[in-house]
Amino acid sequence: MKTCGRCKKERVSPITLDDSMDVCGHTFTAQLPAEKCGACGQIAIQGHDMKLFELRVAIELAKAGVRNAEAFKFLRKAVGLDEAGLGELLDVPAEFVGYWERGDWPVDPRAQAVLCSLILAKYEQKPSTLDCLAVLREPRKLARKVRVTLIDALGTAAKTLQFGSAARSAPAVA
Ligand SMILES: [Zn+2]
């Protein structure tokens, strides 16, 4: 058994608990894995589980299109960028990010859209948007002749057809 960080007794066991956070006037609740000490009652939630919870809340804000200073700041932190880092990606001075987050300026919808796509990419563990922005800031050398493979492209195309085609979305009539 694990040792308690507070009382040092070996009485720590895994539990699940409901935890909530208030963001932008909404209360978000999730069941989180945690560890509880049977001796002193100390409850510990792992940092990465809290980060995942924040990311899930950010997803909900992004999907709902909540565009205000608080949401913008929450999304930026959830994606793991500081003001300077986000400013660099958006090609704006870092101060602009501060203006949006303090409510001095209305949040730029394009900046919000980029941030939302970063959030969704991070959640799906496909950091492609971040890569696209980073590579724009620092272009790589592209050879004059380039051979490409179509396996990934075809795989994605097949998926799009499966989930997005009219044939699938229209109800089947017998
Ligand atoms: Zn303890």
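Because the structure is a prediction, the values reported are computed rather than measured. (Residues numbered from 1 in each chain as written. Predicted model: local features only at pLDDT ≥ 70, side-chain atom pairs only at ≥ 80, totals over all residues. Heavy atoms only, no water.)

Here helix H1 (residues 47-64) spans 26 Å end to end across 18 residues, near enough to the 26 Å set by a 1.5 Å rise per residue. What H1 keeps buried is the set Asp49, Phe53, Leu55, Val57, Ala58, Ile59, Leu61 and Ala62. Among the structural elements, strand S1 (12-23), strand S2 (26-37), helix H2 (69-79) and helix H5 (109-123) are those in contact with the buried residues of H1. Gly65 lies just past H1 and shows a positive phi near 65 degrees. (Helix = DSSP H or I, 4+ residues; strand = E, 2+ residues; numbered from the N terminus. Expected span 1.5 Å × (residues − 1). Buried < 20%, exposed > 50% of the residue type's maximum accessible area, 1.4 Å probe, protein only. Contact = heavy atoms within 4.5 Å.)

Turning to the coordination of the zinc ion, a few remarks are in order. Ideal geometry at a metal centre: 109.5 degrees between donors when four sit tetrahedrally, and 90 or 180 degrees when six sit octahedrally. Surrounding the zinc ion are the protein donor atoms Cys4 (SG), Cys7 (SG), Cys37 (SG) and Cys40 (SG), at 2.3 Å. In this structure, the zinc ion is coordinated by 4 donor atoms arranged in tetrahedral fashion, with angles at the metal of 106 to 116 degrees. Counting residues between consecutive donors of the zinc ion along the chain gives the motif C-x2-C-x29-C-x2-C. Taken together, the positions of Cys4 in the segment before S1 and Cys37 in strand S2 put the pair 33 residues apart, joining distant regions of the chain. You'll find Cys4 and Cys37 in the same group, each marked buried. (Donors = N, O, S within 2.8 Å, 3.2 Å for Na, K, Ca; no water. Tetrahedral: all angles 85-135°; square planar, octahedral: opposite > 155°, others 65-115°.)

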